[in-house]
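# Summary of structural features
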Amino acid sequence: MNTEKTPEIDIVNVSNSKITSVDFENLTFGNVFTDHMLVCDFKEGQWQKPIIKPYEPFLIDPSAKVFHYGQAIFEGMKAYRDTTNHVWLFRPDQNMDRFNKSATRLAMPEITEEIFIGGLKQLVALDQEWVKSGKGNSLYIRPFMIAIGSGVIAQPSTQYRFMIILSPAKSYYSGEVKVIIAEHYSRAANGGIGAAKAAGNYSAQFYPTQLANAQGFQQIIWTDDATHTKLEEAGTMNIFFRINDTLITAPTSERILDGVTRKSLLEIARNEGITVDVRPLTVDELVNAAQDGSLKEMFGAGTAAVVSPIKGFQYRENYYELTPQEQPMALFLKEKLTNIQHKLEEDPFGWTIKI
């Protein structure tokens, strides 16, 4: 992929940066945004000229199709500052490819590499002072697209808005995570939009997650919609299991999101000589492994937390708590990945792109 394409972009700078008013030591994830945002509209069958402008609200027609028919997709990614003060992106081509697959599935136009990658690089370069140094610090990047065409007839919009907003982030600590295995609610179904990073996928999870929270669990392990016997995802993350010394995760499908963190951890694991098994794991297998002691670890993987270890899981009336490991595979893989992202060790995969 040629990441050096630079689109012609109008840039309107803020008159005064708000960066001095931000407490970077006490950030709440996703609540503070940088000075600028990128905006690019699609109309009359083509993408218009992008603009980078001050971060601000915008007006939209009440009949815009995003409100009525849910045409909305997004991505999540990060930028990092290394010890020599340079800023890096991590695998943005993978996020762009997935973004366009999501767009196709929701009958939305694909974004160009020139706008997505080129525009992203210019935006991050403009707001790079918001990327703080130190391992664990990062700049969270949220590209998204919504249908802005007006009218409540049930058909795809003809007008869309692509945007990128940025949010400084610190290390994400989720604390102890206990999960419950889903037996009724489903995250996605065959033929549905589970593999798309569509806004509706996340809103549909809120209610069953609230029910799980009320029972003392932080997240749900989602199972397949047809039989509820195959383990698929954990909350909004891909999920991994360590049985003895084998790392197991479900294959991607129409129901399972092709996570960039997921595929990166798999490549690192293989490169480190860890046995990897990408296959469906059943609930019965998990319970049996928990009972006989061969289940060593469970963890979620995603952009925000990178790796989120799971302390235990509930299935029906039984709760199974995992024995803490002296050398957790989850933390080993997280350390390897974050070291690559922050340029603290060699990137043998060529994943990082300098701003």
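The following paragraphs examine the structure supplied in this document. Here the structure is a predicted model, which means the values were calculated and not measured. (Residues numbered from 1 in each chain as written. Predicted model: local features only at pLDDT ≥ 70, side-chain atom pairs only at ≥ 80, totals over all residues. Heavy atoms only, no water.)

## What about unusual backbone geometry?
Of note, Asn 85 is a non-glycine position whose phi angle comes to about 80 degrees, a positive value. Along the chain, Asn 85 turns up in the loop between β6 (77-81) and β7 (87-90). We classify Asn 85 as exposed; its relative accessible area is 51%. Phi at Ala 107 takes a positive value of approximately 60 degrees, unusual for a residue other than glycine. Ala 107 sits in the partly exposed class, given a relative accessible area of 43%. (Helix = DSSP H or I, 4+ residues; strand = E, 2+ residues; numbered from the N terminus. Buried < 20%, exposed > 50% of the residue type's maximum accessible area, 1.4 Å probe, protein only.)

## Details of the packing of helix α2 (residues 92-105) against helix α3 (residues 113-126)
Axis separation between α2 and α3 bottoms out at 11 Å; the angle between their running directions is 140 degrees. Where α2 crosses over α3, the handedness of that crossing is right-handed. Every residue of α3 that contacts α2 at Pro 92, Asp 93, Asn 95, Met 96 and Phe 99 is listed here: Glu 113, Phe 116, Ile 117 and Leu 120. (Axes fitted to C-alpha atoms, helices over the stretch in contact; angles between N-to-C directions. Left-handed = near helix turned anticlockwise from the far one by under 90°. Contact = heavy atoms within 4.5 Å.)

## Digging into the pairing of β6
With five of its five residues buried, β6 lies for the most part within the structure. Burial of the side chains of β6 extends over both faces: Met 77, Ala 79 and Arg 81 are buried on one face and Lys 78 and Tyr 80 on the other. Of the pairings in the sheet, the one linking β6 to β7 comprises three bridges and is antiparallel in character. Residue pairing across strands places Ala 79 opposite Leu 89, the latter belonging to β7. (Pairing = 2+ DSSP bridges.)

## Considerations on the layout of surface pockets
Put simply, the largest pocket is a space of about 810 Å³. In terms of lining residues, the largest pocket is bounded by 35 residues, among which Tyr 172, Tyr 202, Thr 236, Met 237 and Ala 304 are the most central. Within the residue set of the lining of the largest pocket, elements represented by two or more residues are β8 (138-147), α4 (199-214), β12 (230-234), β13 (237-243), α5 (260-271) and β17 (295-302). Examining the composition of the lining of the largest pocket, we find that six residues originate from one element, α4, more than from any other. By residue class, the composition of the lining of the largest pocket is 15 nonpolar, 15 polar and five charged. Contributing to the lining of the second largest pocket are 24 residues, with Pro 309, Ile 310, Lys 311, Pro 324 and Pro 328 lying nearest its centre. (1 Å grid on protein atoms, 1.4 Å probe; cavity = no way out; pocket = protein on both sides within 12 Å on 5 of 7 lines; lining within 4 Å. Points joined across faces, edges and corners; volume = space filled by probe spheres on them. Nonpolar A, V, L, I, M, F, W, Y, C, P; charged D, E, K, R; others polar.)

## Considering the pairing of strand β11 (residues 219-223)
The element β11 is largely enclosed, with a buried count of four among its five residues. When strand β10 (residues 177-181) meets β11, the two strands line up parallel, connected through three bridges. Of the residues in β11, the one forming a bridge with Ile 181 is Ile 221. Viewed along the sheet, the connection from β10 through α4 into β11 turns out right-handed. (Right-handed = clockwise from strand over helix to strand, strands pointing away.)

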